[in-house]
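# Analysis of the macromolecular model
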Amino acid sequence: MKKNILFLLVICLIASCATKTKKPEQRSKLLKGFSTYYNTLFNAKDALNSEFTARDKGHKDNFYAPYIPILTFEEQPLGSDLGQSTAFAENSMKMAEVANRPSGRNSGIPNMPGGPVNDSSNPDGGAPAKGATTLEIAEAKALKAINKYSVTRNGEEKNKQIFDAYIILAQSRIYRNKPLEALDALNYVFAHMKDDKRVPLARIYQGVAYDKIKDYHRAHETFAKLKSDGINKTYSKLLSIYYAESLLDAGKKEDAAKELDLAFELNSNRKLKSRIAYLRGQVLENLGQNDKARESYTSAYKYSNDFEFEVKSQIAIAKTFNGKGDYNGAKNYLEGISKKGTYGSRKNEFYYALGLMANKAGKQDEAQQFFRKSLFEKVSDPQIRGLAYYEIGKSYLEKNDYIGAGTYYDSALAVMTYEPSKILLKDQSAYIKKISKNYYLIKKNDSILSLAKMDNAQRTDFFSKHIAKLKIKEEKEEQERKRAERNKGFDTGDYNSNSIFANNNSSSFEDFGVTTKGFYFNNTGTISKGTSSFKQVWGERALSDNWRFSKKMASIEDMKSEALGVTNAPNPRRFEPAYYIEQIPTNQEKLSQLKKDRDTSSLGLGIMYQNYFTNTPLATKTLYDLVDVKPEEKVMLQALYEIFAMNYERTPQAAERAKQILLADYPYTSYAEFARNPKNNSFVKSTADVENEYKKAYALYESEKFVESKEVIDQTIQKYPKDALVPKLYLLNAFNTGKASGKEVMILQLEQIALNYSKTPEGIRAKEMLNYLKSDLSFQATDNKGNSVAQQPGSPTPPATKNKNIPDMANGQLNSQGNLKVNESDLKQVQPAPTATNMMNNTPQQKVDKPKFRNKNVPDGPQKQ
């Protein structure tokens, strides 16, 4: 009996120790919350905190992006500074401080370029899977807690700790750029824990997940509903931050500024208030509200407890100076603090800020002095150094000094660190180099042509004055050289200590780590390193005698001289006027080529001013200057066309002169046709009156009353210039012209239709007709007025080639006296297209028997009912 009882006890013990996993519905909620937290959830939370700490330590603000983010990492959960839920009550000191998150939308996401380094240590003490990140560990631990400790009764979650597990799961997925999976996790909370008081926290992260997938409408609906529901202040702090940043992502700057005002009032942490104020200042500055932005930047400086943030706030305050305040007071203040303590290490940044203020106050010369002072101070921020170079280069550009501007822009590109700024500046630098090439070629050729027009007495007088200036310059340089020679004996500086050739043990060249045998300059690697080191120590030294003690550097003036073809190497005959006079070309062919090159470059320069910098006034002036010097016809036509095209809509008074020249001197070119009827991109729907006029004109055309049809068309176009049937009217008018005036004039009008209405059916048909009409066109030479010019007997007849002077489909001036032949049978076969009104009203058309073949070269007639 005792043996049986003992056997039964062993069986019961084994059964009780069996590891059968129960379903959530079968589990008991007794002690499940305690077991959940201390067995698994603690490790998940600790892994997430480790990620926050790593991101915070690796974070660096980017003040040059359009907006700085408010939080330290991409999407930060409730932290100690914002008030925590019970899910984060422990280890609050390990939570990262609330700070700015990286500027890029992906920059805070692990394993993304520029993102933080993940802490892959195992927070649970065991060895994780190889390559697992802390976010993956946090997600895995949260899933384990949910699968093992979830307790559901009648569709409701009874273990309150599971809410924290789902929040950690959602956060981990959001930070891993898996917002859809995060939404899936949050949906369980809304379905099974809808009565939990912490649901607003889940709703906040739901809005964040929608924002991540760029579903801004749902995100803003979620945030707005939370605001209207009146959630507690703890959650309102976090909500206001995420809502403001989501509004910015959607481009709603005004609404974002209002939400940032609320966030500033709700949050009491000094560092957080400082960041909110700075972001609000950036938004207001982009909205053009500089006074309010300046106040916001001042608040950012007031609440800042970070040295870097203080300096950048001061720069932002200077940048939004309106020029009407106390400039001298602000200047003295910045100059004063730049000399105090640690602020002295940022003196270059303060000088840059002073330059910005001086520019706003209208003191350009003083601004340039501050920017140049900034360059002489120690670099604390490479981007600020690049911006100082940029501001100096911009001043050169405003003075049309393109070589100077290009030099400083290149220097800015070399040191800037913010990639978007570098991309924009790189494009500008390339444009400036192209403009510089044309600009200095024009100056050089103008100088040569001006000298060629002078007589010998004028040339001798001109070069005598040049020689006098040259002698004064060289005498001054010689005096400086002698002064340097006299002072050399009193110079106690150890030049050998800075020299790349210094070597206390021997007189050999510096060892750059490359084993060399033979002559030093035979090794290209050694030469490259030596050149780099030389420039670091001595700078860009000019190639001249006594370079070591001379302060002379390769200057912008040297570059200009090189662009103008002036050599710096002294010539023994440089003081003789004859030396210069004999270099002036006298060959007429060479002078003509110089003039042609100069005119072509001037045309390109004007077009580049418009296309690269949208500087229409300067482009117009440059092209009119070209017109005044009477270039060849090809260049003249293109210049007049460009002037008219860029001005006829916005500044018609500037385009009027070009139009009159085209109509008076080149009436039979497509450029003149364009000036008469510039293309119109703002057509509205057709009206019944225009359709009736079109039917009338077409009827006259069929009756061979071409002049009367043309008059009707001209009156209709003048009265209704924006009607949708205007292209069709022009096409019909071209056929009238072909019948009345001949093929060559019709071709000009078809070219104009193809040029102005290339994307319409009429424009496409005009191109097809041009290909047909030009196939058998004979050549007749004409002058600029369109009059025929007799050809020399026996002279070859050139082919009808396309004239490059005319834009797009427009061709050259080709005249013949043959009229366009259109058979009457072809006219009868033509069926008109439905009118615009009928198409808009969708009225059914009567069935008309169409012929098998259709002549596409005849415009559509009125609709026959």
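Residues numbered from 1 in each chain as written. Predicted model: local features only at pLDDT ≥ 70, side-chain atom pairs only at ≥ 80, totals over all residues. Heavy atoms only, no water.

## Some words on the overall build of the chain
Threshold: For helices the rule is a DSSP run of H or I covering at least 4 residues; for strands it is a run of E covering at least 2, with both sets numbered from the N terminus onward. Only protein chains enter the area calculation, which uses a 1.4 Å probe; residues under 20% of their type maximum are buried, those over 50% are exposed, and those in between are partly exposed. Whether two residues touch is decided by their heavy atoms; if any such pair falls within 4.5 Å, the residues are in contact. Per-residue and other accessible areas were derived by the Shrake-Rupley procedure at a 1.4 Å probe size, with only the shown protein chains allowed to occlude residues.
Along its length, the chain carries 35 helices and two strands. Counting the 865 residues in the chain, one finds 44% classified as buried. Counting contacts in the chain only where the partners sit at least 6 residues apart, residues at least 24 apart contribute 65% of the total. Of the roughly 46800 Å² of accessible surface on the chain, 51% is carried by carbon and sulfur atoms.

## Looking at the side chain of Lys331
Threshold: Any pair of N or O atoms that falls within 3.5 Å is considered a polar contact. Within protein, one atom must be able to donate a hydrogen and the other to accept it, and sequence-neighbouring residues count only if both atoms are side-chain atoms.
Examined against the element boundaries, Lys331 turns out to sit in helix α13 (residues 327–337). Relative accessible area serves as the criterion here: at 16%, Lys331 is assigned to the buried category. Within polar-contact distance, the side chain of Lys331 engages the side chain of Glu366 at 3.2 Å.

## What to know about the pattern of salt bridges
For clarity, the cut-off: Here a salt bridge means any side-chain nitrogen of Lys or Arg lying within 4 Å of a carboxyl oxygen belonging to Asp or Glu.
Using the criterion set out here, one finds 30 salt bridges in the structure. We note a salt bridge from Lys158 to Glu156, for which the minimum N-O separation is 3.7 Å. A residue is classified by how much of its surface remains accessible, and Lys158, at 30% relative accessible area, is partly exposed. Classification of Glu156 as partly exposed rests on a relative accessible area of 32%. With a shortest N-O distance of 3.5 Å, Arg218 and Asp215 are connected by a salt bridge. Given the relative accessible area of 45%, Arg218 is considered partly exposed. The network of salt bridges with shared partners includes Glu136, Glu139, Arg173, Arg176 and Lys178.

## Points about the packing of aromatic side chains
Note the following rule: Between the rings of Phe, Tyr and Trp (Trp by its six-membered ring), a pair exists once the centres lie within 6.5 Å; its type follows the angle of the planes, with under 30 degrees stacked, over 60 edge-to-face, and the other angles tilted.
Taken as a whole, this structure holds 32 aromatic pairs when the rule is applied. Taking the centre distance of 5.4 Å and the plane angle of 50° together, the rings of Phe307 and Tyr343 count as tilted. On the criterion of sequence distance, the pair formed by Phe307 in helix α12 (residues 307–319) and Tyr343 in the loop between α13 and α14 (347–360) is long-range, its members being 36 residues apart. According to the relative accessible area criterion, Tyr343 is buried, its value standing at 16%. On the numbers, 6.0 Å between centres and 25° between planes, the contact of Tyr730 with Tyr757 is stacked. Of the two residues, Tyr730 sits in helix α31 (residues 726–741) while Tyr757 sits in the loop between α32 (743–756) and α33 (761–773), which places them 27 residues apart along the sequence.

## Quick word on α32
The test is simple: How far a helix is expected to stretch is found by multiplying one less than its residue total by 1.5 Å.
For α32, built from 14 residues, the straight-helix expectation of 20 Å at 1.5 Å per residue is met to within 8% by its first-to-last C-alpha distance of 20 Å. Among the 14 residues in α32, 13 count as buried, and that is most of the element.

## Regarding helix α29 (residues 688–702)
Taking 1.5 Å per residue, 15 residues should reach 21 Å; α29 reaches 21 Å between its end C-alpha atoms and fits that length. Within α29, burial applies to Val690, Glu691, Tyr694, Ala697, Tyr698, Leu700 and Tyr701. Of the residues flanking the end of α29, it is Glu704, one or two places downstream, whose phi is positive at about 65°.

## Structural notes on the nonpolar core
How we decide: Residues belong to one nonpolar core when they are buried, are Ala, Val, Leu, Ile, Met, Phe, Trp, Tyr or Cys, and are joined through side-chain atoms within 4.5 Å.
Counting residues in hydrophobic clusters, the biggest one holds 76 residues, and the most contacted among them are Ile70, Tyr166, Tyr242, Ile276, Tyr278 and Leu279. Per-element accounting of this core gives the leading share, ten residues, to helix α4 (residues 161–175). The next biggest cluster of nonpolar side chains, apart from the first, holds 67 residues, and it includes Phe321, Ala330, Tyr352 and Leu662.

## Topic: the packing of α14 against helix α16 (residues 382–398)
Operational definition: Think of each axis as a best-fit line through the C-alpha atoms, taken over the contacting stretch in the case of a helix, with angles from 0 to 180 degrees between the N-to-C directions. Left-handed describes a crossing whose near helix is turned anticlockwise from the far helix by less than a right angle; the clockwise case is right-handed. Polar here means any residue other than Ala, Val, Leu, Ile, Met, Phe, Trp, Tyr, Cys and Pro, which are nonpolar, and Asp, Glu, Lys and Arg, which are charged; Gly is therefore polar.
One way to put it is that α14 packs onto α16 with a least axis distance of 10 Å and a crossing angle of 35°. Both α14 and α16 take part in a crossing whose hand is left-handed. In this structure, α14 uses Asn348, Glu349, Tyr352, Leu356 and Asn359 to contact α16, whose residues at the interface are Ile384, Arg385, Leu387, Ala388 and Glu391. Looking at the contact of α14 with α16 residue by residue, the class counts come to five nonpolar, two polar and three charged.

## Some details on unusual backbone geometry
Look at Lys214: it is not a glycine, yet its phi comes out positive at around 65°. Inspection of the secondary structure puts Lys214 in the loop between α6 (199–212) and α7 (216–229). Owing to a relative accessible area of 56%, Lys214 belongs among the exposed residues under this scheme. You will see that Lys630, though not glycine, has its phi angle at about 55°, which is positive. With respect to the helices and strands, the residue Lys630 is situated in the loop between α25 (616–628) and α26 (633–647). Its relative accessible area of 62% is what places Lys630 among the exposed residues.

## Quick look at the environment of Ala191
Relative to the assigned elements, Ala191 resides in helix α5 (residues 179–192). Remark: the alpha-carbon pair of Ala191 and Glu156, spanning 35 residues in sequence, is separated by 8.0 Å.

## Re the confidence of the model for the chain
The test is simple: Confidence scores labelled pLDDT are given residue by residue by the predictor and lie between 0 and 100.
Here the chain averages 74 in pLDDT, and 69% of its residues register 70 or above. The model gives residues 25–34 a pLDDT under 50, and that stretch makes 23 contacts with residues more than four places away or in other chains. Taken as a whole, residues 512–516 scores under 50 in pLDDT and shows eleven contacts with residues more than four places along the chain or in a different chain.

## Focus: the packing of helix α10 (residues 270–286) against α12
Counted only if it meets this: Here the angle decides the label: under 35 degrees means roughly parallel, over 145 means roughly antiparallel, 65 to 115 means roughly perpendicular, and every other value means oblique.
Contact geometry for α10 and α12: axes closest at 12 Å, N-to-C directions at 25°. Viewed along their axes, α10 and α12 adopt a mutual orientation that is roughly parallel. Regarding α10 and α12, the two cross each other, and that crossing is left-handed. Contacts from Ser274, Arg275, Tyr278 and Glu285 in α10 reach Phe309, Lys312, Ser313, Ala316 and Lys319 in α12. A breakdown of the residues in the contact of α10 with α12 according to their chemical character gives three nonpolar, two polar and four charged.

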